[in-house]
Amino acid sequence: MRVPLSWLREYVDLPATETGRDVQAKLVSAGLEVETVEQLGAGLKGPLVVGKVLTIEELEGFKKPIRFCTVDVGTANGTGEPQEIVCGARNFSVGDKVVVVLPGAVLPGDFAIAARKTYGKTSHGMICSGDELGMGGNSGWGEDGIIVLPPEHEAGTDAIALLELVDEVLDIAVTPDRGYCLSLRGVARETAIAYGLTLRDPALLDVPAPNSYGHPVKVADPRGCDRFTARTVTGLDPEAQSPIWLRRRLQKAGMRPISLAVDITNYVMLELGQPLHAYDRSRLEGAIGVRRAQSGEKITTLDGVHRVLDAQDLVITDDRGPIGLAGVMGGANTEIADTATHPETGEVQGTTDVVIEAAHFDAISIARTARRHKLASEASKRFERGVDPQAAAAAAQRTVDLLVLLAGGSAGAGVTEIIAPSAPHTITMPADHPDRVAGVTYGRETVVRRLQQIGCDVYGQDELVVTVPSWRPDLGEPNDLAEEVIRLEGYENLPSSLPTPPSGRGLTERQRLHRRVGRALAGAGYVEALNYPFLGDAALDALGLPADDDRRRTVTLVNPLSDEEPALRTTLLPGLLAALRRNDGRGSHDLALFETGLVFLPTGHETVPVRLPVDRRPTDEEVAALDAALPRQPRHAAVVLAGAREQAGWWGKGRPAEWSDAVEAARTVAREARAELTVRAAQYAPWHPGRCAALYAAVDGEETLLGHAGELHPRVVKALGLPERSCAMEIDLDLLERAGTGVIKAPRISTYPVATQDVALVVPGEVPAAEVERALREGAGELLESLRLFDVFAGEQIGEGHKSLAYALRFRAADRTLTVDEATAARDAAVALAAERTGAVLRGA
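Quick look at the structure, then.

Thresholds, definitions, all that
- Residues numbered from 1 in each chain as written.
- Predicted model: local features only at pLDDT ≥ 70, side-chain atom pairs only at ≥ 80, totals over all residues.
- Heavy atoms only, no water.
- Pairing = 2+ DSSP bridges.
- Helix = DSSP H or I, 4+ residues; strand = E, 2+ residues; numbered from the N terminus.
- Axes fitted to C-alpha atoms, helices over the stretch in contact; angles between N-to-C directions.
- Buried < 20%, exposed > 50% of the residue type's maximum accessible area, 1.4 Å probe, protein only.
- 1 Å grid on protein atoms, 1.4 Å probe; cavity = no way out; pocket = protein on both sides within 12 Å on 5 of 7 lines; lining within 4 Å.
- Points joined across faces, edges and corners; volume = space filled by probe spheres on them.
- Nonpolar A, V, L, I, M, F, W, Y, C, P; charged D, E, K, R; others polar.
- Contact = heavy atoms within 4.5 Å.
- Salt bridge = Lys/Arg side-chain N within 4 Å of Asp/Glu carboxyl O.
- Core = buried A, V, L, I, M, F, W, Y, C linked by side-chain atoms within 4.5 Å.
- Expected span 1.5 Å × (residues − 1).
- Polar contact = N/O pair within 3.5 Å; in protein donor to acceptor, adjacent residues only side chain to side chain.

### A short note on the sheet that holds strand β13 (residues 167–173)
Read from one edge to the other, the open sheet built from three strands follows the order β1-β13-β2, with strand pairing classed as antiparallel. The open sheet has two edge strands, β1 (2–4) and β2 (33–40), and neither has a second partner. Shown here is a sheet whose adjacent strand axes are inclined to one another by a mean of 25°, direction ignored. Summarising the sheet, β1 and β13 pair through three bridges and their orientation is antiparallel. Within β13, the position partnered with Pro-4 by the bridge is Val-169.

Structural data, given as structure tokens:
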């Protein structure tokens, strides 16, 4: 919300010495986010005056059209003689009133004006455009060139004051709970409170009582529209234009002047916060109606877009059907007609009779309609944050008054007002509640005074009954009232104290594992990539997940940041793979990324959440009830790889990342949890069916699936635009923690030498090396210190469908030096058990 300081002073008698920076500091202290204070006209220095174009001479022989003009600037040039000026613009004629800057002046940007010779003539000044004066492109007078002023202004008039070029504009970022500050009325109220001054409320107008003579209105959905005011103004002058002060205020507030009727509705919206709409009465057929749209109905909105309506859209209608999206944008078939001259009669044609709509719509309905149609407007922005329903009649009256004053119209005697019965919202609160929330003693008098300043009616002594003002729909409970008292008394006045933490707790084992895993993966060459926890069906489709996959059962957000990603993630892979694709597209082709984070898995047994108290610690039962309403949220770890895993150089050729690197990443994670992984071949989307490993570990005595690793399916790689042969791994850290062996025990160091035995076993090709390794460990017994697979070979010498696995076995005893016979016996026992379980045969035997 852009608030010109000159406009704000109309409602609050600020001290003359107060600058925009001073007002910014006061409003920030009161809790508003005033981002910047724009200095309009900074560095501007006159003389800058109104001039009347007397003559125009077209100069020939130049690459572009050039005009030599004489302009009457009154006595501003000290002589009263016409001023000679060279100008290249074409959008003005003899007799037009323009803005002239004379020699000696300085325009914004430190642009000094002096007489200079150009195009064979001497130009004594310049005829100005809006951009040259720092007005931007929304000046409303010849946006494509020179400013052409209304004819009533005398030559020589000071244009700096006339165009209000020097001002300060406060740019306020209005938070969703402060919708009333999307108006000068709301910001002025906060300013008056901050300075302790009286507010001149622009909504305090004499409004005639409703009668039966107004334009007929039928509201079929009183929940969607609980208040509708319609007023009529007739006999408007089609040639009437918005005065300079109105155009400048709209422009400073960030809106473009369009036409008088539209400018007035925008002006009143900025002033009072009530969106309005003006209909050309000649284009209306029958009564104005408010109802829900029929599915498939169509409308062309003012932006020229043809829209198909949803059954939940609230629409404005007449006898023909929808004529506007309620609270969002009007329809093109009833818009105010542009002024035009009849080609035969010369008669000026345009809208002469208008019907003014000032209504109050349901905030949620308007927000959903605007989002559904991707149509955010100034009106919808206000409605979805909460508009004062009591201001509708005043806003309609203010619009009528301005149309009568500026367009020469006549106010119709009819006043239509439809109001759904409602009662003011009241809140009961202990008088010392703000004291207990803030830890500061304010006292009853301060609490009552602050609540009355924001517009509340307060009754009672120890127990206050507070009636909330209609413009503050965000005040719903005692804590909201306490926040108002605290912010107006000053957040900076709250005492600063640190809580005393309980001793001896530290990090939980889950937190320690999370940190260890992150450090281990970073040490293995992976880079952490944090992603938003949102996904949509498109990401799951790209992963090739079947329709019955549990990962498609998602938790959908009521108010998602993006309609394309409305659900919480059930897997970490979509975010990581998107990061992989993004980095690869930017030229980084050798990638190894990881992420640890929560996934959200609905169980189907979630309950309705309870609302926890804030004045005491929740009970164990209340916390348990809240937990029961949440989906299961295990912590996962995932990695993705592409390109080279080992770089080529003088040390060797390097090698690309492959499925075994993804499996090794899982082993790295498992080592940090002190768990033993079992790896088996599997088929599971989105992995390649022939290069996918299932990761198992013993959890509570039962072998449990923890995750998968391997190379991604080629269809997934193509669908996501990933590098070829991309690999990935994902594992459940919570299950892995339960599979761990607990605190690691320091190993006993033996002083006796090690005995090493190598074995090469030939096994069928489909036998996993992990099963062979497990059999060797179990068969070797307690003398086995370590086992390492150092070679895998397949070829004609081994036989078709077989492979050779070569292991190095290290044996050591804690109390003696092993003999050759003992080491050989342990090796033979290991080979025998491997042969029994996997069909292994000693190579060469």
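Back to the write-up after that little detour.
### Structural notes on the environment of Gly-504
Examined against the element boundaries, Gly-504 turns out to sit in the loop between α12 (478–489) and α13 (509–523). Among the residues examined, Gly-504 registers a relative accessible area of 81% and is labelled exposed. Separated by 85 residues in the primary sequence, Gly-504 and Ile-419 place their C-alpha atoms 62 Å from one another.

### With respect to empty space enclosed by the protein
A full pass over the atoms with the stated rule returns two cavities of 30 Å³ or more. In this structure, the largest cavity spans a volume of roughly 130 Å³. As for the largest cavity, its lining consists of 14 residues, and the residues nearest its centre are Tyr-180, Ser-183, Leu-272, Asp-388 and Trp-471. Looking at which element gives the most residues to the lining of the largest cavity, the answer is helix α4 (residues 184–195), with three residues. Here the lining of the largest cavity is built from residues that sort into five nonpolar, five polar and four charged. Each pocket or cavity is described by its volume, and for the second largest cavity that value is around 30 Å³. Lining the second largest cavity, in full, are Arg-510, Leu-513, His-514, Arg-635, Leu-733, Asp-734 and Glu-737. Those elements that place two or more of their residues in the lining of the second largest cavity are α13 and α19 (733–739). For the lining of the second largest cavity, a count of residues per class yields two nonpolar, one polar and four charged.

### Some details on the sheet that holds strand β38 (residues 687–699)
In any sheet, the strands associate via hydrogen bonds between backbone groups, in a parallel or an antiparallel arrangement. Sheet architecture is open: seven strands sit in the order β30-β33-β34-β40-β39-β38-β37, paired in mixed fashion. Only two strands of the sheet have a single neighbouring strand rather than two, namely β30 (527–528) and β37 (678–681). Here strand β33 (residues 591–598) pairs with strand β34 (residues 635–642) via eight bridges, running antiparallel. Each bridged residue has a counterpart across the sheet, and for Leu-593 the counterpart in β34 is Val-640. Sheet contacts for α13: β33 and β34; angle to β33, the most-contacted strand, approximately 175°. Sheet strands in contact with helix α17 (residues 659–672) are β34, β37, β38, β39 (702–712) and β40 (727–732), and its direction is about 25° off that of β40.

### Re the pattern of salt bridges
What the rule picks out here adds up to 54 salt bridges. Here Arg-307 makes a salt bridge to Asp-303, at a shortest N to O gap of 2.7 Å. For Asp-303, a relative accessible area of 38% translates into the label partly exposed. When the shortest N-O distance is used, the salt bridge between Arg-827 and Asp-828 registers 3.1 Å. You can call Asp-828 partly exposed: its relative accessible area is 38%. Through salt bridges with shared partners, a single ionic network connects Arg-178, Glu-190, Arg-472, Asp-474, Glu-484 and Arg-487.

### Some thoughts on the pairing of β39
Note: β38 against β39, nine bridges, orientation antiparallel. Residue pairing across strands places Val-699 opposite Glu-702, the latter belonging to β39. Pairing of β39 with β40 involves five bridges; the strand directions are antiparallel. Paired with Gly-707 across the two strands is Ile-731, which belongs to β40.

### Things to note about the nonpolar core
Counting residues in each nonpolar core, the largest one holds 55 residues, and the members touching the most others are Leu-8 and Leu-170. Excluding residues that lie within four positions of it along the chain, Leu-8 makes contacts with Val-3, Leu-14, Val-23, Leu-184, Val-187, Ala-188 and Thr-191. Judged by nonpolar contacts, the second largest core, of 33 residues, contains Phe-594, Ala-666, Leu-677 and Ala-709.

### Some points on helix α6 (residues 260–272)
Helix length check: α6 (13 residues) gives 18 Å between terminal C-alpha atoms against 18 Å at 1.5 Å per residue, within 8%. Judged by how many residues are buried, α6 sits mostly within the fold: 12 of 13 residues are covered. Within the span of α6, buried status applies to Leu-260, Ala-261, Asp-263, Ile-264, Thr-265, Asn-266, Tyr-267, Val-268, Met-269, Leu-270, Glu-271 and Leu-272. Packed against the buried residues of α6 are α1 (5–8), α4, α5 (244–252), β16 (277–280), α8 (378–383) and α9 (392–407). Two residues or fewer past α6, Gly-273 is found with a positive phi of approximately 85°.

### Quick notes on unusual backbone geometry
The amide bond that connects Ala-685 to the next residue, Pro-686, takes the cis arrangement and shows omega of 10°. Positionally, Pro-686 belongs in the loop between β37 and β38. Unlike most non-glycine residues, Tyr-119 shows phi in positive territory, near 55°. Within the secondary structure, Tyr-119 is located in the loop between β9 (116–118) and β10 (121–123). The phi dihedral of Glu-164 falls on the positive side, at around 50°, and the residue is not glycine.

### Topic: helix α20 (residues 769–780)
With 12 residues, α20 extends 16 Å from end C-alpha to end C-alpha; this agrees with the ideal 16 Å at 1.5 Å per step. Among all positions in α20, only Ala-770, Val-772, Ala-775, Leu-776, Gly-779 and Ala-780 are buried. Of the surrounding secondary structure, the elements contacted by the buried residues of α20 are β37, β41 (755–764), β42 (784–793), β43 (802–811) and α21 (820–838). Remark: Gly-781 follows α20 within two positions and exhibits a positive phi of approximately 80°.

### Examining the side chain of Arg-249
Tracing the backbone through its elements, the reader meets Arg-249 in helix α5. Taking relative accessible area as the criterion, Arg-249 reaches 9% and is therefore assigned buried. One polar contact links Arg-249 to Tyr-267, side chain to side chain, over a distance of 2.9 Å. Once residues within four sequence positions are removed from consideration, Arg-249 is found in contact with Trp-7, Glu-10 and Tyr-267.

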